[in-house]
Amino acid sequence: MDNKLEIINEIDKIFEEAQKSLNSAKDLNELDISFRFFTGKKGRLTEIMHNIRLYSTEEKKIVGAKSNEVKNTIEFIYNARKNEFSGAEQKKFLNRYRVDLTIPGNYIERHHKHPITAVLEEASDFFSSMGFEIVEGPEIETTYYNFDALNIPADHPARDVWDTFYLLNGLVPRTHTSSVQVRTMEKKSPPFRVIAPGRCYRYEAVDATHLFMFNQMEGLFVDKNVRLTDLKGILEETVKNLLGARKTRFRPAFYPFVEPGLDLDIECVFCGGRGCGICKNTGWIEVIPCGMVHPNVFKYAGIDPQEYRGFAFGMGFDRIVMLKYSINDLRLLYHGNLDILNQF
Ligand code: DAH
């Protein structure tokens, strides 16, 4: 029985020491070491529990119960302190990677397409709805497609109108999208309707209405019985669609690749036809040069002019955008100035 008392005292002592040691641990590591020292495989309490088999049944009961109780209490203290430490660790972590949900988010501005792109898409949709296909041609072009095949031979004075930059290899940055006409006719067999939007280049002094680089949209309609009235109907509808209901007029004009050639004018959007600086006091603004495809152009393209007819047009696209939004200086469209562009 003495023996028993001694061992109970011993267990009490171990408990006191364990309690002290666990409570004074400064971090998780120290805590673990001290926990193992008392309850680990070779821990002091474990040793006592191990030797329990040496006692009588009655002693076993008492010592067993006591040491279990102490072991549980030690475990309880250990867990409590462990939580304390990991809470602190977690706090440290959270402080370092803190997410402040109250900070207002970054404002993402919504933008829109450039007015030229937007109107180009609008026009493409409109022509598609009338059965036109969208085709493209190269921006660097041969003089053949840019001039000769359009009935503008090298010695023809009309060639001066489209005088341009020449590359050293003899090619030209195309001066108009009309260069896509013969290219298209060579590839497609009639009937067909196409539009060819794209950039063009000219040797121009830059001012409010002239740029050395600009956008055009060419149109070409070839079929057996195409007539001037088809041209008029479709182009008047085009103006109505792109620029709204406006007074229009057709006037004769000369372009080597059409016969007859015409200019479609609209009543000046700036002065309402009264005459102003922009319409040069005529009250009219030219918007779509056009005409019936010249037989020579058909010949160049290998299409029989006896069998087929066609009409063509080539609108200065930047000009359409200018008129649509009453912009009085073309250069504004190319400056990329958001104060201007955000207004559309
Ligand atoms: N290509 C001409 C130019 O840039 C415009 C033009 C006139 C195109 C009459 C045509 C047309 O298709 O029929 O000045």
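A quick note: this is a predicted structure, and the numbers were derived from the prediction, not measured.

What counts, and at which threshold
- Residues numbered from 1 in each chain as written.
- Predicted model: local features only at pLDDT ≥ 70, side-chain atom pairs only at ≥ 80, totals over all residues.
- Heavy atoms only, no water.
- Helix = DSSP H or I, 4+ residues; strand = E, 2+ residues; numbered from the N terminus.
- Rg over C-alpha atoms; globule rule 2.2 N^0.38 Å.
- Buried < 20%, exposed > 50% of the residue type's maximum accessible area, 1.4 Å probe, protein only.
- Contact = heavy atoms within 4.5 Å.
- Areas by Shrake-Rupley, 256 points an atom, 1.4 Å probe, with all protein chains shown as cover.
- Lys, Arg positive; Asp, Glu negative; His and termini not counted.
- Charge placed at Lys NZ, Arg CZ, Asp CG, Glu CD.
- Domains from an automatic or database assignment.
- Core = buried A, V, L, I, M, F, W, Y, C linked by side-chain atoms within 4.5 Å.
- Near = heavy atom within 4 Å.
- Polar contact = N/O pair within 3.5 Å; in protein donor to acceptor, adjacent residues only side chain to side chain.
- Nonpolar A, V, L, I, M, F, W, Y, C, P; charged D, E, K, R; others polar.
- Pairing = 2+ DSSP bridges.
- Axes fitted to C-alpha atoms, helices over the stretch in contact; angles between N-to-C directions.

(A) Focus on the overall build of the chain. Counting secondary structure elements, the chain contains eleven helices and nine strands. Against the globule reference of 20 Å for 344 residues, the chain gives a C-alpha radius of gyration of 45 Å, more extended than a compact globule. Overall, the C-alpha framework of the chain stretches about 135 × 45 × 40 Å when taken along its three principal axes. Expressed as a percentage of its 344 residues, the buried residues of the chain come to 41%. Taking the intrachain contacts of the chain between residues at least 6 apart in sequence as the baseline, contacts between residues at least 24 apart amount to 67%. Here the chain has roughly 19,900 Å² of accessible surface; of this, 51% comes from carbon and sulfur atoms. Averaged over its 44 positive side-chain charges, the chain has a centre that lies 4 Å from the centre of its 47 negative ones.

(B) Examining the domain arrangement of the chain more closely. Once the domains are mapped, the chain shows domain 1 (2-96) and domain 2 (115-341). For domain 1 and domain 2, the distance between their C-alpha centres works out to 94 Å.

(C) Representation of the nonpolar core in the model. Ranked by size, the top nonpolar core spans 42 residues in total, and within it Val287 and Phe313 carry the most contacts. In contact with Phe313, other than residues within four places in its own chain, are Phe127, Ile195, Met217, Glu218, Gly219, Leu235, Ile288, Pro289 and Cys290. Among the nonpolar cores identified, the runner-up in size contains 26 residues, and Leu220, Phe257, Val258 and Ala312 belong to it.

(D) Geometry of the site of the ligand. Taken together, 16 residues lie around the ligand, and His176, Ser178, Arg202, Gln216 and Glu218 are the ones closest in. Note that a nitrogen atom of the ligand is positioned 2.9 Å from one of the side-chain N or O atoms of His176. Between the ligand and Gln181, the relevant distance is 3.3 Å, taken from an oxygen atom to a side-chain nitrogen or oxygen of the residue. Burial of the ligand by the protein chains amounts to 95% of its free accessible area of 350 Å². Elements with a minimum of two residues in the shell around the ligand: strand S5 (213-223), strand S8 (284-293) and strand S9 (309-316). Here the shell around the ligand is composed, by residue class, of eight nonpolar, six polar and two charged.

(E) Just helix H7 (residues 179-187), in detail. Every buried residue of H7 is listed here: Ser179, Val180, Gln181, Val182, Thr184 and Met185. Check the buried side of H7 and you find it contacts strand S2 (140-141), helix H6 (143-146), strand S4 (192-201), S5, helix H9 (295-301) and S9.

(F) Representation of the sheet that holds S5 within the structure. Overall, mixed pairing links the seven strands, which are arranged S1-S4-S5-S9-S8-S7-S6 in an open sheet. If you trace the sheet from one side to the other, it starts and ends with strand S1 (133-134) and strand S6 (248-253), each paired once. Of the strand pairs in this sheet, S6 and strand S7 (residues 258-267) are connected by six bridges, and their pairing is antiparallel. Within S7, the position partnered with Ala253 by the bridge is Gly261. Packed on one face of the sheet, H7 meets S4, S5 and S9 and runs near 140 degrees to S4. Sheet strands touched by helix H8 (residues 228-243): S5, S6, S7, S8 and S9. Its angle to S8, the strand with the most contacts, is close to 145 degrees.

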